[in-house]
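# Analysis of the macromolecular model
Here's the letter readout for the chains.
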Amino acid sequence: MVKTVTLAPLSDPPVVSLAAQSAPTTASQSASSSGPSSAPTAAPRSAQPSVLSPAPSRWHQVLEDLQPFSGRAGLTWRIALLCALVTGAAMLFEIPEAAISCYLIIFLMKPDAVANIGTGIGFLLLLPGLIALLAWIINLTQGSTLHIMLAIVISSGLLLYLGAATQLGEQGSVMALIIAFVLTLIVKAPFGDAASFALREAWAMAALPMLLMIGFNLLLGFSPVRLLRDQLRARLAAAAEALETGDRAELRELLREGNAPFEPQVLATRLLRLVPRADARQIAADLRAGYALMLAVSALPDALDPARRARLAEQIRAAHAALGQGKAPAPVSAQAPAPVSAPAPAPARSPPRTRLIAQGPLEDADARADKADVDPTEGVAWDEPAEGAARADSAEAATWADPGEAATWADPAERAAWDALNVLAGAPEAEVVPAPKTPFVAPDALSNPAYIRFALKTTAAAVICFLIYTAIDWQGIHTAMVTCYVAALGTTGETVHKLALRIIGCLIGAAIGVAAIFWVIPHIDGIGALMALVFFGCLVGAWVSTGPERLSYAGVQVALAFLLTVLQGFGPSVSLDTAQGRIVGILLGNLVVYLIFTRLWPAPIVGEARALFARALSGLAGMARLAPARRLNAVSSAAAIEALVGKGEEVLRLLPFEPRALRPTPASEAALHGAVAEIEALNRAIWLSPDPDLRQTAEQLDYLAERFDGAAEASALDADHAGSGFGSGAGSSPGPDAGSSLSSSPNRGADCSLNLSPGAASSPTLHTDLAPFVGPFSRQLNQLQRAAG
Amino acid sequence: MLDSMSPELPFYGAYFPSWLISATLGILGSVLVRSLLIRLGVDQGMPLRTLVYIALACSIALAISAKVFGR
């Protein structure tokens, strides 16, 4: 993952301060600009970011995702211990299906104790409602199989559509799954008493783990305050490391998390009064300042004087250490020596800062708020007298006209980094500009057919699985239907990726479980030993499931398959039926979902990536419309854009899981990867830009966003064509293996030339009306326009 | 004394056990006390906050159980 940055400043002077981020850019530029000559070399590795950097192989990526990180071991043993407790309680109270109860824990438990308690309470409150709904539906069907089938189709179609078209997301799928699953059980036993008994047991199965989760998190959970502090320290460490060694892998990873996942924790800290009010405000400020610091460090010019780089790193390390000891970081001005080459603005701005810091922690809320109001104007006042000349330089440097002169103190990125450190040390932060809210219902919920198609595809897959296992009368493989709901994702590539995770995780978990049945369970004679077995089995699954999202689902599957195999009835059991039924069920579900999601309205990953880029670009346009003084404070917007782009690149990495007919041409794929780097570069440039009027840029960005969105729909239509035409290819490459087998495939060239046709047909018409952009950032904008075309 | 194990309070046509009522009231009471202590500024300096409030909830629940329901 080490980025080579030496090329960038030489080949790309105008964006020198973005050099580090544009290392991939330059690589992709050369790839796309040199066109056919370099494309074939990039092609065989397909979606691997290998085009951009010496990316790790899939196997190395897996190993990397299994490495320990701060907090992972702690969360893992907590989950495993809680699972063992749930197992013990379920055995004592004779609540059936302890495996499902444990599964809820592994699936729902997050690091944040407050979030877990909230989830638990929410479940306890919602469960009666869900049960009432189920009882109502069951009464409506009156036990007729046909009616039940109809109820399954209607309820799951509706819920899947809601999940896809709103922010509910996968929760819609989970609801659909629960209702459909309970209804299929009713088909088997359509008697009133049996149904009400089953519903009561289902309630106990879900309520028991939730109660235990609430209690456990009260006593042993991670407080959000501690998690936020750890997160801040991780950010500081990553920033310091990037400064010292130039290795930005960690920094990129943290930047792409965005800030949004942590905002609920800040909210909980404030609302629940976990800390006094002033501290809560400081925590909220720290979250934004930590992100601003990372963003600023990632935007530092490579040409920056090493001594100043070292000083910044030293200050960040000092703050990191202070936070580790539970103290507030020391005020910046006390330690920051004068800059080497420029007139000294730091001493000029230090006296007012120290005054504020000295008073900061003791002041009450109102006084601090007043100070915060005063601060921005004061800040300007400090700068003016001390560095009149330097400011003139910096205004020029900010447009990156001359990288040589950019090396003054007031390089905007360096200044933003020091400002962020000041805020961490207790200086009041400037007025916060919140990120625009994502609407709950997607704006195109009614106009975009993709949502309905997704709902229909998933429902069809589930009903087909249900009919198959009912027809052959093998209830043991009902996992097939569950598979359809949990593996179904927006695009074909993502779905196949999840199918692969599911089958691999299931095989590993079942193997562990069968091994336990052979060698461990015969020696178990008490509940304590069974709980210990569950603890160690869940340790494995939970370790994987607490990792990055691209792998975590496999861990959930490992644990579930293990638990289902080991926990049968109330006490040790040595039957192998469950393991067998589960593996066969998942294989059947995999097959049906794979066939349906590749044949019926296949949704290419490129469409999703383009939609994400379009959202990022309109976010950028919104940022460009802000007044320059407020732009720097829009850290949340910048973080949201960064997260969107990161998600875009993450889905692009799943391209090898797509059937070949859906994949983009190597050239357009490289262009999309290039777009990632360009948007990130633009994000930093606009965030730091002192340009008073970027309205033109904003309009260009909006235009580009439309371009990306429009092309997304076009490529979806292309895929319809491609999808109907492909067929022989599917037989030769069964789903999950498609990714791993592709590099060895000898007839790749032929596939690539086939793939070229839809792209080639559409691109010339688009390219003819390309007018180059003029104005600020025109280089990146033009690059993006080429990527969109 | 066997009948004392049976559900206690009729409520919307169902019978709720008394311990459930006591536990709920205990938790609510503890939350109430905490909001009071926050307002008084006591909450911030308290050591082992979680344990204190859990113990408080338990004592309220047990007191209600003993005084109101008589066991």
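Please read all numbers here as calculations on a predicted model, not as lab measurements.

Cut-offs and rules
Residues numbered from 1 in each chain as written. Chains lettered and ligands numbered in written order. Predicted model: local features only at pLDDT ≥ 70, side-chain atom pairs only at ≥ 80, totals over all residues. Heavy atoms only, no water. Helix = DSSP H or I, 4+ residues; strand = E, 2+ residues; numbered from the N terminus. Buried < 20%, exposed > 50% of the residue type's maximum accessible area, 1.4 Å probe, protein only. Contact = heavy atoms within 4.5 Å. Salt bridge = Lys/Arg side-chain N within 4 Å of Asp/Glu carboxyl O. Phe/Tyr/Trp six-rings, centres within 6.5 Å; stacked < 30°, edge-to-face > 60°. Domains from an automatic or database assignment. Patch = residues over 30% accessible without salt bridge, like charges linked within 9 Å, V, L, I, M, F, W, Y side chains within 5 Å. Areas by Shrake-Rupley, 256 points an atom, 1.4 Å probe, with all protein chains shown as cover.

Moving on to the overall build of chain B. Scanning chain B from N- to C-terminus turns up 2 helices and 2 strands. Along chain B, helices and strands appear, N-terminal first, in the series β-β-α-α. Across the 71 residues of chain B, 23% fall into the buried class. For chain B, contacts bridging at least 24 residues in sequence account for 50% of all contacts bridging at least 6.

Side-chain pairs of opposite charge can arise whenever the charged atoms involved come near each other. Enumeration over the complete set of coordinates arrives at 14 salt bridges over all chains. When salt bridges that share partners are traced, they join Asp65(A), Glu253(A), Arg550(A) and Glu650(A) into one network.

Right, let's get into the packing of aromatic side chains. Residue and element names in this part refer to chain A. Following the criterion strictly, the structure yields 4 aromatic pairs over all chains and no others. Where Tyr103 meets Phe107, the ring centres are 5.6 Å apart and the plane angle is 15°; that geometry is what we call stacked. Of the two residues, Tyr103 and Phe107 are both situated in helix H6 (residues 98-108); the distance of 4 residues between them amounts to about one turn of the helix. A relative accessible area of 31% places Phe107 in the partly exposed class. Between the aromatic rings of Phe466 and Tyr469, the centroid separation amounts to 5.7 Å while the plane-to-plane angle is 90°, which identifies the pairing as edge-to-face. A residue pair is termed a helical-turn pair when its members lie 3 or 4 positions apart in one helix, as Phe466 and Tyr469 do in helix H21 (residues 449-471) at 3 residues. Tyr469 carries the same exposure label as Phe466, and that label is buried.

Moving on to the domain arrangement of chain A. The domain architecture assigned to chain A consists of domain 1 (72-110 + 113-221 + 442-599), domain 2 (224-330 + 353-388 + 410-424) and domain 3 (604-788). Distance from the C-alpha centre of domain 1 of chain A to the C-alpha centre of domain 2 of chain A: 42 Å.

Before going further, it helps to spend a moment on a nonpolar patch on the surface. On the surface, a nonpolar cluster with roughly 640 Å² of combined accessible area is contributed by Trp77(A), Leu218(A), Leu219(A), Leu220(A), Leu48(B), Leu51(B) and Val52(B). Elements with a contribution of two residues or more to the nonpolar patch: helix H10 (192-220) of chain A together with helix H2 (49-67) of chain B. The element best represented in the nonpolar patch is H10(A), accounting for 3 residues. Its place among the elements puts Leu220(A) in helix H10.

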